[in-house]
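Residues per chain are reported as follows:
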Amino acid sequence: MFDYESLKLIWWVLVGVLLIGFALTDGFDLGAAILMPIVGRTDNERRVVINTIAPHWDGNQVWLITAGGAMFAAWPMVYAAAFSGFYWAMLAVLFALFVRPVGFDYRSKLENTQWRKAWDWGLFAGAVVPSVVFGVAFGNLLQGVPLELDNTLRASYHGSFWQLLNPFGLLAGLVSFSMLALHGGTWLMMRTEGAISQRARRASQMLALAFLVTFIGAGVWLWMGSINGFALLSSFDANAALNPLTKEVAQTNVGWMANYVQYPMTKLAPVIGIVGGLMALLSSTSGRSWVAFLGSSLAIVGTLCTAGFALFPFIMPSSFDPAASLTMWDAVSSQKTLGIMLVAACIFVPLILTYTLWGYVKMWGKVTTTHINDNPHGLY
Amino acid sequence: MISEEVVDLSRLQFAMTALYHFIFIPLTLGLAFLLAIMETVYVMTGQQVYKDMTKFWGKLFGINFALGVTTGLTMEFQFGTNWAYYSHYVGDIFGAPLAIEGLMAFFLESTFIGLFFFGWERLTKKQHLAVTWLVALGSNMSALWILIANGWMQNPVGAEFNFETMRMELTDFGALLLNPVAQVKFVHTVAAGYVTGSVFVLAISSYYLLKKRDVGFARRSFAIASAFGLASVLSVIVLGDESGYEVGDVQKAKLAAIEAEWHTEEAPASFTLFGFPNQETMRTDYAVKIPFVMGIIATRSLDKQVIGIHDLIDQHEGRIRNGMVAYSLLEKLRGGEKTPENIAAFNDVKKDLGYGLLLKKYSPDVVSATDVQIKEAAKSTIPHVAPIFWSFRIMVASGVIMLILFACAFYAVARRNEHRKTWLLKFALFSLPLPWIAGQTGWIVAESGRQPWSIGEMLPTHLSASSISTGDVWGSLIALIVFYSGLLVIEMYLMIRFARLGPSSLHTGRYHFEKETKTELPVVPDTATPIITA
């Protein structure tokens, strides 16, 4: 049906789509939980925040789980090297995510102030940690990570958790944090009213500004060339099953800008990111919640595409041994597996989008404190 | 080389998190179906009590479901964090069912679970019923795909080793799907889940009946659970897992361990009811045997043999020697000597490459292993017999007790006197732990019986772990134990609290604790409408 080279490209796009799907949907769940302590001053107000996402957060989180599964199936070496290399960062995300299913479901089960406050903190931390860590991970991928592959393709990682928290990594963490918190802010503007919506509006203004500053700042940092990019030197047959150790890779000071020079259309990605941020900023100021939500959504799409386009074809460049860098050409599954997975994706992704949309339509409308008071035992 | 301590700790962590995950999963599988049945009766009859049943058991379902999701996340992360070489080596095959599980099952289950809880006012009766059935379908689909993945670990069909990419690659997706081990595992596991859900509803309903409160509610729940439970427990036992033990070398070793069959017996073999297996002396002390039974259970025939441990070790020694040849050829190929002769020779022996890799634990260099090391590796192909032997017997005993329970419960419901039979209600209440005991011991048999392999005959467990430090694994293991213990305490607290409160927790004003006169008057059972008896 497709040759191996096309399948490799398609799966690079599809993993990107799943990650964007995660950031767009679970992004506002995480963002809403981050903003909950600020926009929800009373227990009832915090319940309003939670109930805007109550019917959806679980389905939204599956985008992340499926992206992980797709990475396992399509890029097994990346899954292996990234999860074991970023061991403590991954565990931090995992432990943070633990709190969410139980937090959402158990919080409202008891009418005890201490109990509910404890879960509020849990939900807050459970949202902050993944939002920051995902950005930090991307920030480190752009700098290259100390990855080694031996002759049996066993991956070893020669760095620690603390080394991930370098200045550029942290800046990237701030980009993703402000981006996802902003997305939660515009979501709450749209789904709540009165004081809660007003507070969400003010938070969104600040966060949109923070996003624009950090996103542009990170771009300038890369553009100034103080971070070395990576470039593939050897030519190879993209249609073959490749051994990641046989290629030649060099670090260059124009590395991450090379794709933008070679394919000018890709410059659209950072432009969309910035336009989205500006839309969110202006519309949250004027109070047009729909446009603001569209803005934060565009900011997410633009940001993730910007990082993906810059890295292409690299996924996990290695600073320890550049030749051991993992790319979407040589860290992939067999042609057969990619083909079967593509068929599965073509059948199920449209189906998923359809019923997810149906769920949103059915549950649409503003969540209010009256709504909570009328149904204190049936809601979260 | 990864240290043995990292491997052992990673195994401990995996076993702990997997068994913990399987506290919640079977209840999700079973209760989802029971909820769908209850709601179907509600939509068909229009009786409010069935809606209340769906909502109340749904509340308990939610408390359990949250931890099922939480602990499931660990499982997905863990293959990468702690079993990175495994993930590289078999991701091409093993990753596919996991990704499809996400696309086909998790999305379905997780999207509709939100509508199940919050959609009562927003959806029509029929739409909501469809949502509930889709949750049940989603959870069962999820079991299907993860058991296809697990079945492949036990009996890796449809895949071949590729020396260029240094991993296993998929050759036949159909074989992966129709793997006989995966098929029986799926039926056995989901049916065990249905039994778990049924015992749960039966036991808690019995508690209300013993307390003589919410009798109408409890009797209807009891009736549905007894019928569904009887059908399910029969499926678990009749369609037991044993029929999957005929295929695959690892399954044969597991079967020999279950039965502690040290020497191959004449067919049909006898079943060791009781005894103390001793791995050192390779015999079972104080064995009590029943003739013929094991041969019939395990092979479903009177003339097929069940191969004993001694013979398996001899066979495996041959395969290890063959594997050494495969390994030396692999080194040549990886070194660049890709001559057609070398490739052809390698293809002839590569099915035994995994056996060669077993030697890596005993000899730094596979090719020059000594006879003693080879014998040691051959002996290691048999898992620890005693824990498997005992776990299996505990599982079967629990299953038999549950069969008796459901038979009695179903009979009593048919006679419409279950609420007056105190002994039956107590029997049901005290049987509550049984499905969990059976489920946990069942997985111990299945997975510790797979050792020393992570992928049967292909990849030894000791090569599968990540290149991480002992400190890393100690850290995550301790953090997981602390976190999981805390979560379990909270979950049990809520579960017991809401189970005790019963349907009064719905705040409808119709149930026991919401009525003015609580215990002064005997509660009149709501028997104006006939209860469903299957």
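In this text the structure is predicted, and so the values were computed from the model without any measurement.

**A closer look at the UniProt feature "transmembrane region" (unreviewed entry) in chain A**
Residues and elements named next belong to chain A.
Next up, step 1: Residues given the UniProt feature "transmembrane region" (unreviewed entry) here are residues 12–40, 86–106, 118–141, 161–182, 203–224, 265–283, 290–316 and 336–358.
Next up, step 2: From the first C-alpha to the last, residues 86–106 spans 31 Å; its make-up is 95% helix and 0% strand.
Next up, step 3: With 95% helix and 0% strand, residues 203–224 has its two end C-alpha atoms placed 31 Å apart.

**A short note on the interface of chain B and chain A**
Next up, step 1: In this complex, chain B contributes 79 residues to the contact, which on the side of chain A involves 72 residues.
Next up, step 2: When the buried area of chain B at its contact with chain A is split by residue, B:Leu103, B:Phe107 and B:Phe118 rank highest and sum to 12% of it.
Next up, step 3: Applying the counting rule to chain B against chain A returns zero salt bridges.
Next up, step 4: Where chain B meets chain A, there are 24 residue pairs in polar contact (both at pLDDT 80 or more).
Next up, step 5: Of all the secondary structure elements, the ones that give two or more residues to the side of chain B that touches chain A are helix 2 (48–82), helix 3 (84–118), helix 4 (125–154), strand 2 (167–170) and helix 18 (470–501) of chain B.

**Digging into the packing of aromatic side chains**
Next up, step 1: In this structure the tally under the stated criterion is 67 aromatic pairs over all chains.
Next up, step 2: These aromatic residues form a ring-pair network of at least three members: A:Phe72, A:Tyr79, A:Phe83, B:Phe14, B:Phe77, B:Phe79, B:Tyr86 and B:Phe94.
Next up, step 3: Note that B:Lys125 overlies the ring of B:Tyr42, its terminal NZ or CZ placed 4.9 Å from the centroid.
Next up, step 4: Across from the ring centre of B:Phe389, 3.6 Å away, lies the NZ or CZ of B:Arg393, which sits over that ring.

**Here we look at the nonpolar core**
Looking at soluble globular proteins, one finds that nonpolar side chains tend to be buried together.
Next up, step 1: Ranked by size, the top nonpolar core spans 305 residues in total, and within it A:Trp75, B:Trp57 and B:Phe200 carry the most contacts.
Next up, step 2: Ranked by residues supplied to this core, first place goes to helix 3 of chain B with 19 residues.
Next up, step 3: When residues no more than four places from it in sequence are discounted, the contact partners of A:Trp75 are A:Trp11, A:Trp12, A:Val15, A:Ala70, A:Ile315, A:Met328, A:Ala331 and A:Val332.

**Describing the pattern of salt bridges**
Next up, step 1: Throughout the structure, instances matching the rule amount to 23 salt bridges over all chains.
Next up, step 2: Among the ionic pairs, A:Glu45 bridges to A:Arg199, the shortest N-O distance being 2.8 Å. Separated by 154 residues along the polypeptide, A:Glu45 in helix 2 (residues 43–53) and A:Arg199 in helix 9 (residues 194–223) bring together distant segments of the chain.
Next up, step 3: Of the charged contacts in the structure, one is a salt bridge between B:Arg510 and B:Asp52, with a shortest N-O distance of 3.0 Å. Within this pair, whereas B:Arg510 is found in the segment after helix 18, its partner B:Asp52 is found in helix 2, the two being separated by 458 residues in sequence.
Next up, step 4: For B:Arg510, a relative accessible area of 38% corresponds to the partly exposed category.
Next up, step 5: According to the relative accessible area criterion, B:Asp52 is buried, its value standing at 2%.

**Considering helix 4 (residues 76–85) of chain A**
Next up, step 1: Burial within helix 4 of chain A is extensive, with 10 of its 10 residues counted as buried.
Next up, step 2: Within the sequence span of helix 4 of chain A, burial applies to A:Pro76, A:Met77, A:Val78, A:Tyr79, A:Ala80, A:Ala81, A:Ala82, A:Phe83, A:Ser84 and A:Gly85.

**Overview of the side chain of B:Ser205**
Next up, step 1: Residue position: B:Ser205 is located in helix 6 (residues 180–210).
Next up, step 2: Those residues in contact with B:Ser205 that sit more than four places away from it in its chain are B:Trp57, B:Ala218, B:Ser221 and B:Phe222.

**Let's talk about the packing of helix 11 (residues 268–286) of chain A against helix 12 (residues 289–311) of chain A**
Residues and elements named next belong to chain A.
Next up, step 1: Here helix 11 crosses helix 12 at 155°, and the two axes come no closer than 7 Å. On the basis of the axis angle, helix 11 is roughly antiparallel to helix 12. Helix-helix and strand crossings are classified by hand; for helix 11 and helix 12 the assignment is left-handed. Contact residues: Ala-269, Pro-270, Ile-272, Gly-273, Gly-276, Gly-277, Met-279, Ala-280, Ser-283 and Ser-284 in helix 11; Val-291, Ala-292, Leu-294, Gly-295, Ser-296, Leu-298, Ala-299, Gly-302, Thr-303, Cys-305, Thr-306 and Phe-309 in helix 12.

**Quick word on helix 9 of chain A**
Next up, step 1: Taking 1.5 Å per residue, 30 residues should reach 44 Å; helix 9 of chain A reaches 43 Å between its end C-alpha atoms and fits that length.
Next up, step 2: Immediately beyond the C-terminal end of helix 9 of chain A, within one or two residues, lies A:Gly225, with a positive phi of roughly 80°.

**Brief notes about the environment of B:Leu210**
Residue and element names in this part refer to chain B.
Next up, step 1: Topologically, Leu-210 is positioned in helix 6.
Next up, step 2: Accessibility expressed as a relative area gives 29% for Leu-210, which makes it partly exposed.
Next up, step 3: As for Leu-210 and Leu-429, which are separated by 219 residues in sequence, their C-alpha atoms are 9.4 Å apart.
Next up, step 4: Apart from residues no more than four positions distant in its own chain, Leu-210 is found in contact with Thr-422, Leu-425, Lys-426 and Leu-429.

**Section: the environment of A:Leu282**
Next up, step 1: With respect to the helices, strands and loops of the structure, A:Leu282 is situated in helix 11.
Next up, step 2: Distance in space between the C-alpha atoms of A:Leu282 and A:Met71 is 37 Å, their sequence separation being 211 residues.

The rules behind each value
Residues numbered from 1 in each chain as written. Chains lettered and ligands numbered in written order. Predicted model: local features only at pLDDT ≥ 70, side-chain atom pairs only at ≥ 80, totals over all residues. Heavy atoms only, no water. UniProt positions renumbered as here; feature names shortened; annotations may be inferred. Helix = DSSP H or I, 4+ residues; strand = E, 2+ residues; numbered from the N terminus. Contact = heavy atoms within 4.5 Å. Buried area = accessible area lost by both parts, 1.4 Å probe. Salt bridge = Lys/Arg side-chain N within 4 Å of Asp/Glu carboxyl O. Polar contact = N/O pair within 3.5 Å; in protein donor to acceptor, adjacent residues only side chain to side chain. Phe/Tyr/Trp six-rings, centres within 6.5 Å; stacked < 30°, edge-to-face > 60°. Lys NZ or Arg CZ within 6 Å of the ring centre and 35° of its normal. Core = buried A, V, L, I, M, F, W, Y, C linked by side-chain atoms within 4.5 Å. Buried < 20%, exposed > 50% of the residue type's maximum accessible area, 1.4 Å probe, protein only. Axes fitted to C-alpha atoms, helices over the stretch in contact; angles between N-to-C directions. Parallel < 35°, antiparallel > 145°, perpendicular 65-115°, else oblique. Left-handed = near helix turned anticlockwise from the far one by under 90°. Expected span 1.5 Å × (residues − 1).

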